[in-house]
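A structural walkthrough
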Amino acid sequence: MDTFELLPSLAQGELSETSTPELVAAVFRSRASGTLWLETPQAPEIRVFFHAGDMCGNTSFPGVQNLAQVLLANDWVNALDIDSSREEAAKTGKRHGAIMVAKGLLTTEQLRAALVAQHTTNLLTLMGITEGKYDWRGWEPPPAWAREVVVDPVGCLVDALEQEQHAQRRAKVIGWLGDHPVRLSVDWPDLQTRLALAPIDRRAAAVLAIPRRLQEFVRASQLAQSRAEAVLAALLLAGGAEPQPEGDVRAPVPAVSERTGLHSPSSNGDDLELDLPPAPSASASEPLAADAGGGMDRERASDLRKKMLARGIRNLGSLPTREEFESSVAVTPKVTAPKAKGLAPDEQRFADEVRSRVEQAPGQSAYARLGVDPGATSETIRNAYLEAAKRFHPDHSASPGLASVQAELQTLFALLKEAYETISTPEGRTRYDASLKAAAHGTSRKEESAIALKMGDVLLKKRDFEAALAKLRRAVDLDATGDALAALAWGLVSDPKASPAAKEEAASLINRALRAPGVTARTYYVAGVLWRTKDPDSALDAFRKALEIDPKHPDAALEIRLMEQRRGKHPKGGGGVLSGLLFGKRKG
């Protein structure tokens, strides 16, 4: 029996037939570098990167944990600094973590520990996937940014295989083993130095220095049945353990304290309890079953097992624990929980609070949104914002169970940030207080429209077109600004199921938008996209207008560059018919 028989083919396949933990074990065992591509009902494409068998990064997917979540969970960096550094990273094109280290918000060690925690959590989440397709792409190496930190996947294998959704896979491995005793493999002495097993799992592995059957291992490890099975299955898949071949009879290792003199490196000097099974009785006249030349092999093997046992015991006290390995970083969640049918009570209360605060926001001042008095000090305002931002930050609260409230959550966070930026400086606060006194009738309508517009934008990014269009229409009904009309037009043409009537409505809306108050760079950009085919000159005019308003508009700049490359030269003078009619530039 060879444990390689347990590993699946890394060619294309279905996740219903081959589990994600088995795939990760196959990559680890082969020390492969490349990309594991997954397609699930929730995500059309997920890429998981590996270097020499270790996981080193992944692309975004539903439930992914990002760096900001780890930092917020550990209170290493506050929400204000996270957002400002993220904006700086977006402007400069540098990595977010590098920006925070450069600004002194993190040490290099903290950043590394946070990345390890992030990768560990994401790998655990990915191992919980049970539906979809997979494909191993050895020809697609990990990107440069994914080679900074690698994570040994075996500890995650144990956690994943213990879960209910993988109970059948665990049983399959145990079933393959049958009644054969299991022992540590010849590769274990080298393998164990790179594994990030939890202390209890490492101690359980050490008892396999003596070949044991499943139930003997469960008793000796002192683990729960499911955890013991998960440890055993993970070790078999990863090549750290192997079945003892039939006829390979080995003398049992004597009790540690009495025969070998090996001791556990614990501070109290107690002997390691191996829970040895009773040795089979045999008379001196009954030799062990072996061939004539096998005596020397058995002797060497016995010595090897003793050396492995000694090395395993020494390393129990020297290798880092899981918590030490992650520099005591909080990883959320440590273990992928089964999907719940409804929200947990705490999640339901949180979702209700988010929706309530979004509904109340249009009629609230910046002070009320942050929960402070108009006479509060700047320090009080800052502390109130940091507390609210930590509680309602989309990164910190991105629980899979709260997916239905993510649009409202992102909107609420944007409103809190807007409120803080409005009154965070003495000058800004003075202007805002003056505007409150002179506030005209209808301000609440405009604010409600702005909130609906923000929510519509969030829903568009999530490709929830039906809900997005409902919010965008509400924004237009409340305050038909050029920006709101353009957003609705964009939503209509972005929907892959858009009808010809919807596209005609979008063209009419953009014409209204260009004549309405509140025109923005988005208004001109959407106009350019809609005119691109029928009137390229007008489209080019619109993209240039968008760039005038927002010189850093990347999409408008790209459109201009592409159009000018197609023409082979910069057009001089003139302009489009539609652009001339709608915003004043007429053909010469």
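Residues numbered from 1 in each chain as written. Predicted model: local features only at pLDDT ≥ 70, side-chain atom pairs only at ≥ 80, totals over all residues. Heavy atoms only, no water.

Some words on the overall build of the protein
In terms of helices and strands, the protein carries 27 helices and seven strands. For the protein, buried positions account for 48% of its 588 residues. In the protein, once contacts between residues fewer than 6 apart in sequence are set aside, the share between residues at least 24 apart is 69%. (Helix = DSSP H or I, 4+ residues; strand = E, 2+ residues; numbered from the N terminus. Buried < 20%, exposed > 50% of the residue type's maximum accessible area, 1.4 Å probe, protein only. Contact = heavy atoms within 4.5 Å.)

So, the environment of Leu530
Tracing the backbone through its elements, the reader meets Leu530 in helix α24 (residues 521-531). Considering only alpha carbons, one finds Leu530 and Trp490, 40 residues apart in sequence, at a separation of 8.9 Å. Every residue in contact with Leu530, bar those within four places of it in the chain, is listed here: Val493, Ala506, Ala507 and Ile510.

Describing the side chain of Asp135
Note on placement: Asp135 falls in strand β5 (residues 133-137). According to the relative accessible area criterion, Asp135 is buried, its value standing at 12%. Only 3.4 Å separates the side chain of Asp135 from the side chain of Arg137, close enough to count as a polar contact. Not counting the four nearest positions on each side in its chain, Asp135 is found in contact with Leu10, Gln12, Thr35, Leu36 and Trp37. (Polar contact = N/O pair within 3.5 Å; in protein donor to acceptor, adjacent residues only side chain to side chain.)

Quick notes on the side chain of Thr121
Mapped onto the elements, Thr121 comes out in helix α5 (residues 108-127). Within the local environment of Thr121, its side chain forms a polar contact with the side chain of Gln65, the two groups lying 3.4 Å apart.

Points about the sheet that holds strand β2 (residues 34-39)
The strands making up a sheet associate through backbone hydrogen bonding, with each pair oriented either parallel or antiparallel. Strands sit in the order β1-β5-β2-β3-β4 across an open sheet of five strands; the sheet is antiparallel. Single-partner strands in this sheet number two, and they are β1 (13-14) and β4 (54-58). Here β2 runs beside strand β3 (residues 46-51); their pairing, made up of five bridges, is antiparallel. Pairing of Leu38 across the sheet is with Ile46, part of β3. Its contacts with the sheet place α5 against β2, β3 and β4, and it is angled at close to 90 degrees to β4. (Pairing = 2+ DSSP bridges. Axes fitted to C-alpha atoms, helices over the stretch in contact; angles between N-to-C directions.)

As for the packing of aromatic side chains
Under the definition given, this model contains seven aromatic pairs. The interplanar angle of 20 degrees and the centroid separation of 5.7 Å between the aromatic rings of Phe350 and Phe392 together place this pair among those described as stacked. Residue Phe350 is found in helix α15 (residues 345-360), and its partner Phe392 is found in helix α17 (residues 378-392); the two are separated by 42 residues along the sequence. For the pair formed by Phe350 and Phe392, the shared burial category is buried. Relative to Phe543, the ring of Tyr525 has its centre 5.7 Å away and its plane inclined at 45 degrees; by these criteria the two rings are tilted. With Tyr525 in helix α24 and Phe543 in helix α25 (residues 536-549), this residue pair connects regions lying 18 residues apart in the sequence. (Phe/Tyr/Trp six-rings, centres within 6.5 Å; stacked < 30°, edge-to-face > 60°.)

Re the pattern of salt bridges
For the structure shown, the criterion picks out 25 salt bridges. Close ionic contact of Glu505 with Arg473 constitutes a salt bridge, the shortest N to O distance being 2.8 Å. Taken together, the residues span a long stretch of sequence, with Glu505 in helix α23 (residues 500-515) and Arg473 in helix α21 (residues 465-478) at a distance of 32 residues. For Glu505, a relative accessible area of 28% translates into the label partly exposed. Taken together, the shared-partner salt bridges in this structure form one network comprising Glu45, Arg47, Asp135, Arg137 and Glu140. (Salt bridge = Lys/Arg side-chain N within 4 Å of Asp/Glu carboxyl O.)

Looking at helix α10 (residues 214-221)
Within α10 the residues assigned to the buried category are Leu214, Phe217, Val218, Ala220 and Ser221. Those residues of α10 hidden inside the fold are in contact with α7 (167-177), α9 (199-206) and α11 (225-238).

Topic: the nonpolar core
Membership of the largest hydrophobic core comes to 62 residues, with the highest contact counts inside it found for Leu38 and Leu232. The biggest single contributor to this core is α11, with ten residues. Apart from residues no more than four positions distant in its own chain, Leu38 is found in contact with Leu15, Pro44, Glu45, Ile46, Val48, Leu126, Ile129, Lys133 and Tyr134. One finds Ala114, Ala351, Leu409 and Leu412 within the second-largest nonpolar core, a separate group that totals 48 residues. (Core = buried A, V, L, I, M, F, W, Y, C linked by side-chain atoms within 4.5 Å.)

Regarding the pairing of β5
Counted residue by residue, β5 has four buried out of five residues, so it is predominantly covered. Where β1 meets β5, two bridges bridge the pair, whose relative direction is antiparallel. Of the residues in β5, the one forming a bridge with Glu14 is Lys133. Bridge count for β2 against β5 is five bridges, and the pairing is antiparallel. Note on β5: the bridge partner recorded for Glu39 is Lys133.

Quick word on the packing of α25 against helix α26 (residues 554-567)
Interaxial distance between α25 and α26 falls to 9 Å at its minimum, and their mutual angle equals 145 degrees. The crossing of α25 and α26 is left-handed. Residues Pro536, Asp537, Ala539, Leu540, Phe543, Arg544, Ala546 and Leu547 of α25 lie in contact with α26, whose contacting residues are Ala556, Ala557, Glu559, Ile560, Met563, Glu564 and Arg567. Taken together, the residues of the contact of α25 with α26 break down into ten nonpolar, no polar and five charged. (Left-handed = near helix turned anticlockwise from the far one by under 90°. Nonpolar A, V, L, I, M, F, W, Y, C, P; charged D, E, K, R; others polar.)

Things to note about the packing of α21 against helix α22 (residues 482-494)
Contact pair α21 / α22: the axes reach a minimum separation of 9 Å and the direction vectors enclose 160 degrees. In terms of axis orientation, α21 runs roughly antiparallel to α22. When the axes of α21 and α22 are compared, the crossing they make is left-handed. Facing Phe465, Leu469, Leu472, Arg473 and Val476 of α21, the residues of α22 in contact are Ala484, Leu485, Ala487, Leu488, Gly491, Leu492 and Ser494. Grouping the amino acids of the contact of α21 with α22 by side-chain chemistry returns nine nonpolar, two polar and one charged. (Parallel < 35°, antiparallel > 145°, perpendicular 65-115°, else oblique.)

Points about the environment of Arg169
Assignment of secondary structure puts Arg169 in helix α7. For the pair Arg169 and Ala233, spaced 64 residues apart in the sequence, the C-alpha separation amounts to 9.1 Å. Within the structure, the side chain of Arg169 is placed 3.0 Å from the backbone oxygen of Ser16, a separation counted as a polar contact.

Focus on α23
Taking 1.5 Å of rise per residue, 16 residues should cover 22 Å, and α23 covers 24 Å from first to last C-alpha, within 8% of that figure. When α23 is considered as a whole, its buried residues turn out to be Ala502, Ala506, Leu509, Ile510, Ala513 and Leu514. Relative to the axis of α23, the buried residues are bounded by an arc of 130 degrees and lie together on one face. Away from the buried face of α23 by more than 90 degrees, exposed residues Pro500, Ala501, Glu504 and Arg515 are located. (Expected span 1.5 Å × (residues − 1). Arc of directions from axis to C-beta.)

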